[in-house]
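Residue strings, one per chain:
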Amino acid sequence: MKRARLLPVFGVLWCLLAPAGVADEPRVLLEDPMTGDWRDNWFLDGKEATLRNGDDGLYFAAGTIAKWHDAEKYHAHHAVLWTKKEFSGDIRISFEMTRKDEGGGATLLYIQARGVGRPPYAKDIREWSNLREVPQMSKYYTYMDLLSISIREDLRLRRYPWKDKDGNSYPENGLVEPKLDYREMAPGDSYFVVVEKRNPRLTLHMYGPDRKKPEVEHTWDMTKASEGRDPQWIQEGRIGIRHMATRQLVYKNFK
């Protein structure tokens, strides 16, 4: 397993897209300091989450029931925060984050998510938000096209859905090798994350507070995970931040 180091950064997300015909001149599509009302730019999956804006950014906490407390109720205590806007083409995302919880849970970044297009899972995921009031993981990896960076005991990149329309699993359930080892975030740690998706590659950088040298620096080639797919590449959709149950972070300066 490839080793990398990770610093905890929660709070800023940036989205940049090159205009047609101008490959090297990206433009800012959305800017949100996350100190104002989060509902202006975001919507939520899950009813057990807590969201609170302040001068330090957006406090985002999933529900309180862990899997070992109650395996069934646990599913309702996840939460996903989605951008209202959709973004197409090559995209650059960056964000800061600060960890507030002292428990477990995981954080996932969903990149350009759309539904698979089979009723009732329309390509516009907002059309079936009611089906995600209990945001169970299987609803996402079965019925959405997206890229997912999972920050857990290791770092993982996956392509959703995990199975095709006939129920056959894609190789490695969509996992794009390698998994990365890293130093897990401690409560109170803050990090700055930069993700750049330029098909067929996705690059991840994670920086400490000084933002000088990345603690994590890796590029995944998504070619193999895109074989036999329709659509082959993730091209457009919403950005999502998923908290598994008990996860608590502060975000700010989305751009």
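Residue numbers here run from 1 along each chain, matching the order of that chain's written sequence. At least 70 in pLDDT is required for a residue's local features to be given in this predicted model, at least 80 for side-chain atom pairs to be given and counted, and no such filter applies to totals for whole chains, interfaces and linings, which use all residues. Excluded from the side-chain calculations are hydrogens and water; all other atoms, namely the structure's heavy atoms, are used.

## Some thoughts on the nonpolar core
Then, number 1: By size, the foremost hydrophobic cluster in this structure holds 43 residues, and its most contacted members are Leu109, Ile111, Val195 and Leu202.
Then, number 2: Counting from the N terminus, the helices are DSSP H or I runs at least four residues long and the strands are E runs at least two residues long. Examining the composition of this core, we find that four residues originate from one element, strand β9 (residues 91–99), more than from any other.
Then, number 3: Residue contacts are defined here by distance: any two heavy atoms, one from each residue, within 4.5 Å place the two residues in contact. Contacts of Ile111, omitting those with residues within four sequence positions, involve Ile91, Ile93, Leu146, Leu147, Ile149, Val195, Leu202, Ile234, Arg238 and Ile239.
Then, number 4: Here, nonpolar core refers to any group of buried Ala, Val, Leu, Ile, Met, Phe, Trp, Tyr and Cys residues whose side-chain atoms link them within 4.5 Å. Only protein chains enter the accessibility calculation, which uses a 1.4 Å probe; a residue is then buried when its area is under 20% of its type maximum, exposed when over 50%, and partly exposed in between. In this structure, Tyr74, Ala106, Tyr160 and Trp162 belong to the second largest nonpolar core, which totals 20 residues.

## With respect to the confidence of the model for the chain
Then, number 1: On average, residues of the chain score 89 in pLDDT, and 91% of them reach the 70 mark or higher.
Then, number 2: pLDDT: the predictor's confidence for each residue, scored from 0 to 100. Below pLDDT 50 for its whole length, residues 1–22 participates in 127 contacts with residues either more than four positions away or in separate chains.

## Remarks on the layout of surface pockets
Then, number 1: Both cavities and pockets are sets of points on a 1 Å grid over the protein atoms alone; in a cavity a 1.4 Å probe fits but cannot get out, in a pocket the set is open with protein on both sides within 12 Å along at least five of seven lines, and lining residues sit with an atom within 4 Å of a point. Grid points are joined across faces, edges and corners, and a volume is the space filled by probe spheres set on the points. When its volume is computed, the largest pocket comes out at roughly 530 Å³.
Then, number 2: Elements with a contribution of two residues or more to the lining of the largest pocket: β11 (144–151) and β12 (155–160).
Then, number 3: Broken down by element, the lining of the largest pocket gets its largest block of residues, three residues, from β12.
Then, number 4: When grouped by side-chain class, the residues that make up the lining of the largest pocket number eleven nonpolar, seven polar and eight charged.
Then, number 5: If you add up the space inside the second largest pocket, you get close to 230 Å³.
Then, number 6: As a working rule, the residues Ala, Val, Leu, Ile, Met, Phe, Trp, Tyr, Cys and Pro are called nonpolar, Asp, Glu, Lys and Arg charged, and the rest polar, with Gly in that last group. Its residues placed into classes, the lining of the second largest pocket shows four nonpolar, one polar and nine charged.

## What about the packing of aromatic side chains?
Then, number 1: Ring pairs shown here join Phe, Tyr and Trp side chains whose ring centres sit within 6.5 Å, with only the six-membered ring taken for Trp; geometry is labelled stacked below 30 degrees between planes, edge-to-face above 60, and tilted in between. Counted by the stated rule, this structure contains twelve aromatic pairs.
Then, number 2: Between Phe60 and Tyr251, the ring centres sit 6.4 Å apart and the planes meet at 45 degrees, which makes this aromatic pair tilted. With Phe60 in strand β6 (residues 57–61) and Tyr251 in strand β18 (residues 248–252), this pair connects stretches of sequence that are 191 residues apart. Across the pair, Tyr251 and Phe60 agree in class, each one buried.
Then, number 3: Between Tyr121 and Trp128, the ring centres sit 5.1 Å apart and the planes meet at 80 degrees, which makes this aromatic pair edge-to-face.
Then, number 4: On the basis of relative accessible area, Trp128 is assigned to the buried category, the value being 1%.
Then, number 5: Here the guanidinium or amino end of Arg158 rests over the ring plane of Trp162, the centre of that ring lying 4.6 Å away.
Then, number 6: Sitting over a ring, as applied to charges here, requires NZ of Lys or CZ of Arg to be within 6 Å of the ring centre and within 35 degrees of the ring normal. Between the NZ or CZ atom of Arg229 and the centre of the ring of Tyr170, over which it lies, the distance is 3.7 Å.

## What to know about the pattern of salt bridges
Then, number 1: Any carboxyl oxygen of Asp or Glu that lies within 4 Å of a side-chain nitrogen of Lys or Arg is treated as forming a salt bridge with it. Per the stated rule, a full pass over the model turns up 17 salt bridges.
Then, number 2: For the salt bridge of Asp37 with Arg39, the shortest nitrogen-to-oxygen distance reads 3.1 Å.
Then, number 3: Overall, the relative accessible area of 37% leaves Asp37 in the partly exposed class.
Then, number 4: Residue class for Arg39 comes out partly exposed when judged on its relative accessible area of 47%.
Then, number 5: Put simply, Asp166 and Lys165 hold a salt bridge, and the shortest N to O gap is 3.8 Å.
Then, number 6: Judged by its relative accessible area of 57%, Asp166 falls in the exposed class.
Then, number 7: You can call Lys165 exposed: its relative accessible area is 62%.

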